[in-house]
Structure formats: structure tokens, C-alpha cells
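Structural overview for review
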Amino acid sequence: MTDSKIDALQNYYGLAVRENLDDVGKMAKSIEASLYHVASTAENPQHHVDIREIRRDINIKMESQAVLLT
């Protein structure tokens, strides 16, 4: 594994933890998606767990919570 892939994983893992403090299941799924995303290549795509879908779900949840606070 290259240094740049390790750096990317560290960033993705940190985001996964910070964005999902209240939901360990989503945290784990986001971490798993990050691993597959970084491991993916053109010859061997690994996007069956889509990190964009997880982030979209998180954004929807955050928006709904913001509406409740106003």
C-alpha cells in the first residue's frame, strides 16, 4: 500500500468516525466503503459499497435534524 493510499484512508476513517458518532453501524459501513474505495482500481473496481450513498444519507439526516431545531 502506498503512502498516498494510507493518507487517504486516514482521512476517510476520520470523517467516518466524526460524521457518525451517534450511529456505530453507519460508522462501520462508512469505514468499509472507504476501504473499498481506496482499494478500487480500473482493473478491479470495488465500488459495491458506495461512499457517496452513505454521505448522502448522512446529509439527509443532518438536514432533517436542522429542521427539527428551527
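Residues numbered from 1 in each chain as written. Predicted model: local features only at pLDDT ≥ 70, side-chain atom pairs only at ≥ 80, totals over all residues. Heavy atoms only, no water.

**Describing the overall build of the protein chain**
The secondary structure content of the protein chain amounts to 3 helices and 0 strands. Listing every helix and strand of the protein chain by position from the N terminus yields α-α-α. Counting all 70 residues of the protein chain, 21% fall into the buried class. Sequence separation of at least 24 residues holds for 40% of the intrachain contacts in the protein chain that already meet a minimum separation of 6. (Helix = DSSP H or I, 4+ residues; strand = E, 2+ residues; numbered from the N terminus. Buried < 20%, exposed > 50% of the residue type's maximum accessible area, 1.4 Å probe, protein only. Contact = heavy atoms within 4.5 Å.)

**Quick look at the confidence of the model for the protein chain**
Per-residue pLDDT for the protein chain has a mean of 77; in total, 67% of the residues score no lower than 70. Per-element mean pLDDT across the protein chain ranges from 63 in helix α3 (residues 51-69) up to 89 in helix α1 (residues 3-19). (pLDDT = per-residue confidence, 0-100.)

**Thoughts on α1**
Between its first and last C-alpha atoms α1 spans 24 Å; for 17 residues at 1.5 Å apiece the expected length is 24 Å, and the two agree. Listed in full, the buried residues belonging to α1 are Leu9, Gly14 and Ala16. Down the axis of α1, the buried set is contained in an arc of 160°. They therefore lie on one face. In α1, the exposed positions that point more than 90 degrees away from the buried face belong to Asp3, Ser4, Gln10, Asn11 and Arg18. Taken together, the buried residues of α1 touch α2 (24-39). (Expected span 1.5 Å × (residues − 1). Arc of directions from axis to C-beta.)

**Observations regarding the environment of Leu15**
As for its placement among the helices and strands, Leu15 is situated in helix α1. Put simply, Leu15 and Met27 are 12 residues apart on the chain and 9.2 Å apart in space, counted from C-alpha to C-alpha.

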